[in-house]
Amino acid sequence: MKVAILGSGAWGTALAVSFAPRHQVTLWARDTRQIEAMRGSRRNQRYLPGIDLPVELKLSADLDEALTGVELVLVAVPVAALRSTLRQIARLPSPVAVIWVCKGFESETSQLPHQIVTDILPPSFPRGVLSGPSFAQEVARHLPTALTLASSDGEFAQHTAKNLHHSRLRIYSSTDVVGVEIGGAVKNVLAIAAGICDGMQMGFNARAAMLTRGLAEMTRLGLQMGGRAETLGGLSGVGDLILTCTGDLSRNRQVGMLLAQHKSLSNILNELGHVAEGVYTAREVHLTAQRLGVDMPICEAVYRVLYENLAADKAVEALLSRQPGNEFD
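Quick caveat: nothing in here was measured; it's all calculated off a predicted structure. (Residues numbered from 1 in each chain as written. Predicted model: local features only at pLDDT ≥ 70, side-chain atom pairs only at ≥ 80, totals over all residues. Heavy atoms only, no water.)

1. Structural notes on the UniProt feature "active site" (unreviewed entry) in the protein
In the numbering used here, UniProt assigns the "active site" (unreviewed entry) feature to Lys187. Taking the relative accessible area as the measure of exposure, Lys187 reaches 6% and is therefore buried. Every residue in contact with Lys187, bar those within four places of it in the chain, is listed here: Lys103, Met218, Asp240, Leu241, Thr244 and Cys245. (UniProt positions renumbered as here; feature names shortened; annotations may be inferred. Buried < 20%, exposed > 50% of the residue type's maximum accessible area, 1.4 Å probe, protein only. Contact = heavy atoms within 4.5 Å.)

So, in structure tokens, the structure goes:
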């Protein structure tokens, strides 16, 4: 299968490394200098250092070249760039399959990725979302990983998952696009909360409680928006939540740990040097939860720390002082 991967950040590059031995893969970046550096070193030193790029992998800064004759376009840009990238794909003379791997809400519209795709792509373009518990470094090192590919077209999801699936990257199919996207978005906000918890050395008990109550918040929002409970209890929900909230490779968890040290958000983001989607998603989750009347106290606390200058320790105190209720209300 001829595949174009648009976006040469850590995740796009990792997927290119995983798929290139089995498919004809072109990895595209808009930055010509980055592509030239990658061609010279056969590595993506900026976003995925220490990983050799397969000899089969083509690199291009020419979007038209990358899209010529492709059967599948895998969009690996941040949500903020999804709309503009889709507009380029929509210009193609004939329909191609499109899969996106970004997680979060668009800040201008509070839309999920599938809603942006619906706005831009003609209905004739098959589409789906690929998500789940996955650190780019581990996928690029061919460590075992399991993901979910969701599409409203169940046959397309099954067919594409089967084509991309291999022994080190297991891909399951689903028809619950909303549930998969909500899991991928909200877990990044909760990972910031987990980082605050760990940065304040509150212990494993507190982290387990936060994860469990965070899952309840994720599920409430997902169900309200049309997702399914089993999806949020699966790979792209609780699986991704566990990984992102406990793994040392999680950028969102790192944000929380640095917030616990009373560092400013601007300094934290400069220090990371990579996108931490949870920072931007927290604002959209706050707005969406308010609009839909969904109770999400942990996500709301993260929002207040990020955007209302509430100190991390004060946010934790406020959560701990809440009156207990029925666990499953």
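We are not done yet, so read on.
2. Quick notes on the environment of Leu112
Tracing the chain through its elements places Leu112 in the loop between β7 (97–100) and α5 (113–120). Classification of Leu112 by relative accessible area gives buried; the value is 1%. Residues Leu112 and Ala185, 73 residues apart in the sequence, show an inter-C-alpha distance of 8.8 Å. Not counting residues up to four positions away in its chain, the partners in contact with Leu112 are Gly104, Phe105, Glu181, Ile182 and Met225. (Helix = DSSP H or I, 4+ residues; strand = E, 2+ residues; numbered from the N terminus.)

3. Some remarks on the domain arrangement of the protein
Taken as a whole, the protein is organised into domain 1 (2–175) and domain 2 (186–321). Taking only C-alpha atoms, the centre of domain 1 and the centre of domain 2 are 26 Å apart. Between domain 1 and domain 2, the residue contacts involve 24 residues of the former and 20 residues of the latter. Of the roughly 1,700 Å² buried between domain 1 and domain 2 on both sides combined, carbon and sulfur atoms contribute 65%. Across the contact surface, domain 1 and domain 2 share 1 salt bridge. The partner of Lys103 in a salt bridge is Asp240, and the shortest N-O contact between them spans 2.7 Å. At the boundary of domain 1 and domain 2, one finds 3 residue pairs in polar contact (both at pLDDT 80 or more). (Domains from an automatic or database assignment. Buried area = accessible area lost by both parts, 1.4 Å probe. Salt bridge = Lys/Arg side-chain N within 4 Å of Asp/Glu carboxyl O. Polar contact = N/O pair within 3.5 Å; in protein donor to acceptor, adjacent residues only side chain to side chain.)

4. A word on the pattern of salt bridges
Throughout the structure, instances matching the rule amount to 16 salt bridges. Here Asp64 ties to Arg91 by a salt bridge, and the two come within 3.6 Å at their closest N and O atoms. Note that Asp64 is positioned in helix α3 (residues 63–67) and Arg91 in the loop between α4 (82–90) and β7, a separation of 27 residues in sequence. Between Arg83 and Asp119 there is a salt bridge, with its nearest N and O atoms 3.6 Å apart. Of this pair, Arg83 sits in helix α4 while Asp119 sits in helix α5; the two residues are 36 residues apart in sequence, bridging distant segments of the chain. What makes Arg83 buried here is its relative accessible area of 16%. For Asp119, a relative accessible area of 46% corresponds to the partly exposed category.

5. Topic: the sheet that holds strand β5 (residues 58–60)
With mixed pairing, 8 strands are arranged side by side in an open sheet as β5-β2-β1-β6-β7-β8-β9-β10. Unpaired on one side and paired on the other, β5 and β10 (169–174) mark the two borders of the sheet. In this sheet, adjacent strand axes meet at a mean angle of 25° when their direction is disregarded. Relative to β5, strand β2 (residues 24–28) is paired through 3 bridges, and the arrangement is parallel. Paired with Trp28 across the strands is Ser60, a residue of β5. Against the sheet, helix α8 (residues 177–199) contacts β7, β8 (127–131) and β9 (145–150), and its axis sits at roughly 35° relative to β8. Of the strands in this sheet, β8, β9 and β10 touch helix α11 (residues 235–246), which is tilted by about 145° from β9. (Pairing = 2+ DSSP bridges. Axes fitted to C-alpha atoms, helices over the stretch in contact; angles between N-to-C directions.)

6. Quick look at the nonpolar core
By size, the foremost hydrophobic cluster in this structure holds 42 residues, and its most contacted members are Ile182 and Val186. For this core, the secondary-structure elements that each account for two or more residues are α8, α9 (204–224), α11, α12 (251–260), α13 (265–272), α14 (277–292), α15 (297–307) and α16 (312–320). Top contributing element to this core by residue count: α8, with 11 residues. Setting aside anything within four residues of it in sequence, one finds Val186 in contact with Met218, Leu221, Val285, Met296 and Cys299. Within the second largest apolar cluster, 38 residues are counted, among which are Ala14, Ala29, Leu53 and Ala161. (Core = buried A, V, L, I, M, F, W, Y, C linked by side-chain atoms within 4.5 Å.)

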